[in-house]
Structures are given as structure tokens and as C-alpha cells.
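# Structural description and commentary
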Amino acid sequence: SASNLKWFMENASLYEYRNANYKLTTDIIMNGAYWTPIGFHAILDGNGHSIKNMVTGGHSGGLFSVLYGTVKNLILEGATITQSGDNDYYNVGAGALAAQVWGGATIINCGIIGGKVAGGGTSRATSHIGGLIGGIQVPTNDIVTIKGCFVYGTTIQVSNWAGSNKYEYAGGLIGSWGYSESQAKNIHITSCYTKDIINSRNVSNFGSFIGYVYTSGECSINTCYYDNSFEPFYKYYDEYNRFTKTAFEPLIPANLSEAITNMNAHLTDCDYIFGEDGFVDRDKLEPRHFA
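Presented here is an overview of the structure given in this document. Residue positions within a chain follow its written sequence, with the count starting from 1. Two thresholds apply to this predicted model, a pLDDT of at least 70 for residue-level local features and 80 or more for giving and counting side-chain atom pairs, whereas whole-chain, interface and lining totals are computed over all residues. Side-chain metrics rest on all non-hydrogen atoms present in the structure, leaving aside hydrogens and water.

### What to know about unusual backbone geometry
Keep this limit in mind: Starting at the N terminus, helices and strands are each numbered in turn, a helix being any DSSP run of H or I of at least four residues and a strand any DSSP run of E of at least two.
Here the phi dihedral of N53 falls at roughly 60°; this positive angle occurs in a residue that is not glycine. One can find N53 in the loop between β5 (43-52) and β6 (55-58).

Listed below in C-alpha cells is the structure:
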């Protein structure tokens, strides 16, 4: 319930609950109630349900400020995410699911439908703005796994404000993937797509899949599709040529059915596969059960 979710917001980041597991048993409509982003280390299973009309913001805007744990089978619909504030923090950002993802995080079968993710404001710091995730860092030898996720019809907005030491990276799925050599290792994205993304101010530092890519580790994008209205990356640095892209293609109406088939072929260890006609809401995702 909404009251349960409030308890979750207030307690899930506390030490005594860091190893707890959580599961949604119904859709939750927040009616624009403000959500305070939290750091999350445990497991959240959305169970195919949606959190609707969430509103959140601050230096790190999203359902989570920093995600270290696992989130799966969750849909966020109609969220309004805003990164704002005048500050000197380097790692500020906004993403509907998480402003920041750190090493060891796993995200499976999560979708963002509609809504808006906005960032920049008057911050003097670098902003990382993405439909699903603002920015990813892997500062250790951990692995970040993102699988079977999508961003559909979401508006991505940055401020167009420039100042001293000020940069903004924006992407349909992820704002930035690694900020330096030491933070860009072991990131793997499989069977994810972006569709009908709105670049609200038509800014140039925008990628329809990922805004900024800096990779120096064993990183990969496998069987993923990007909104063909824009280039998939804004900036792309492959320092050691260990970043592999397999079946990474623009998503157009003509290849939608083929894209679904290809992505589903790699979701055999997930709870859900994609439906046939646009993935508009959770009812068009098909549960897959295993023996």
C-alpha cells in the first residue's frame, strides 16, 4: 500500500533492514505525493506491478538516490523526476529508477513509461540524466547487470545551463556509463530498448540510449535497440577496445517484431518476456514460469 511504501522509504536504507527483501503485491498510485530518494542495498521485486505518478527531486532524483542492490519486475509510470539545487557535488543526477547505480547492482525487467526526468538546474556540478538511470559507477571489481529493461515515451530534459566545471550528459536509458577509467568496468546491458523518447530541448549532449560512455573494462551491450530519432550515444570513449556491442540496432516500426523476438531469446533467466505490440504497460508483459 502507499503507507507500506512510506515505511519502505523511511526504513529500507537503515542498517538493520539492509538485508531485507521486499515485494509489491499491488499497483501503488502516489497521486503526486513527494518521494524522498533513498540508498538501497537489498532486493525489491515489483512482482509485475507499477508505482504510478511519483514525484521526487533534489541533488539525486529518482526512486533511489543510489542503488547498490537488486530491483526487478517493476514498472514506473508517469513519474516526475527533477535533479535540482545549486551545489558543487560531482555525482548529481536523475533517473526514474535511480540517480546513481554503483558496483554490484542488478536491474531486471524494469520499465519506465511516460513521465519526465529533468536535471541541471543551477548546479555547478556535472549532471547525469537518464530515463532509467542517471549514472553508473563501478569503482570495484563488482558487476552491474541491466537486463530486459525499457524506457517508453519518457521526456528527458536538461537545463542548457553552462558554467564553470559544468557538464550535462543525458540519455534515454542511462545518462552516463562510467566517469573515468577506474569507474567504468564490468557493466553489461542485455535485451533493453528505448522508444519514443522526447529530447525536450533538443540539446546536442544527448544519446537516445546512453549519453556518455567511458569504458575500460569487460563491458557489453547485447541485443539492445535504441530510439532511431537520435544517435545512440552523445560521447563514446572505448579506451582499451574491450567494450563489445552485439546486435545493437535502431528501433523502427519495421523491425519491432524482430526486435522483440531477439530480445526475448536472451531473457530465459528472467521472470518476464516482452509482449508483442509496444510494451505500453505491464499487462503487455508476459509472465514466464520455469520448472
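On we go.
### Re the sheet that holds strand β21 (residues 168-171)
What counts, and what does not: The criterion for strand pairing is that DSSP finds at least two bridges linking the strands in question.
Taken together, five strands build an open sheet; the order of strands is β7-β11-β16-β21-β26 and the sheet is parallel. With partners counted over all chains shown, the strands left at the sheet margins are β7 (60-61) and β26 (206-207), one partner each. Looking at chain direction, strand β16 (residues 127-130) and β21 are connected through four bridges and run parallel. Considered in β21, the bridge of G130 is made with G171.

### Focus: the side chain of T56
How we decide: The term polar contact refers here to a pair of N or O atoms within 3.5 Å; inside protein, the definition further demands a hydrogen-donor-capable atom paired with an acceptor-capable atom, and it admits residues adjacent in sequence only when both atoms are side-chain atoms. Whether two residues are in contact is decided by their heavy atoms: any pair within 4.5 Å suffices.
Residue position: T56 is located in strand β6. One polar contact links the side chain of T56 to the main-chain carbonyl oxygen of W35, over a distance of 2.6 Å. Ignoring anything within four residues of it in the chain, the contact list for T56 reads Y34, W35, P37, G61, G62, T80, I81 and T82.

### A short note on the packing of aromatic side chains
Rules: By convention, a stacked pair of Phe, Tyr or Trp rings (six-membered ring in the case of Trp) has centres within 6.5 Å and planes under 30 degrees apart, an edge-to-face pair has planes over 60 apart, and any other such pair is tilted. Accessible area is worked out with a 1.4 Å probe on protein chains only. A residue is then buried under 20% of its type maximum, exposed over 50%, and partly exposed in between. We call a charge positioned over a ring when the NZ of a Lys or the CZ of an Arg lies within 6 Å of the ring centre and within 35 degrees of the ring normal.
Applying the stated criterion across every chain, the model contains 18 aromatic pairs. With 5.9 Å between their ring centres and 80° between their planes, Y193 and F274 make a pair best called edge-to-face. Of this pair, Y193 sits in strand β24 (residues 193-195) while F274 sits in strand β31 (residues 272-274), placing them 81 residues apart in sequence. The class of Y193 is buried, set by a relative accessible area of 0%. Each residue in the set W177, F209, Y226, F233, F243 and F248 is aromatic and connected to the rest through ring pairs, giving one cluster. In this arrangement the basic side chain of K245 is found over the ring face of F243, its NZ or CZ atom lying 5.1 Å from the centre.

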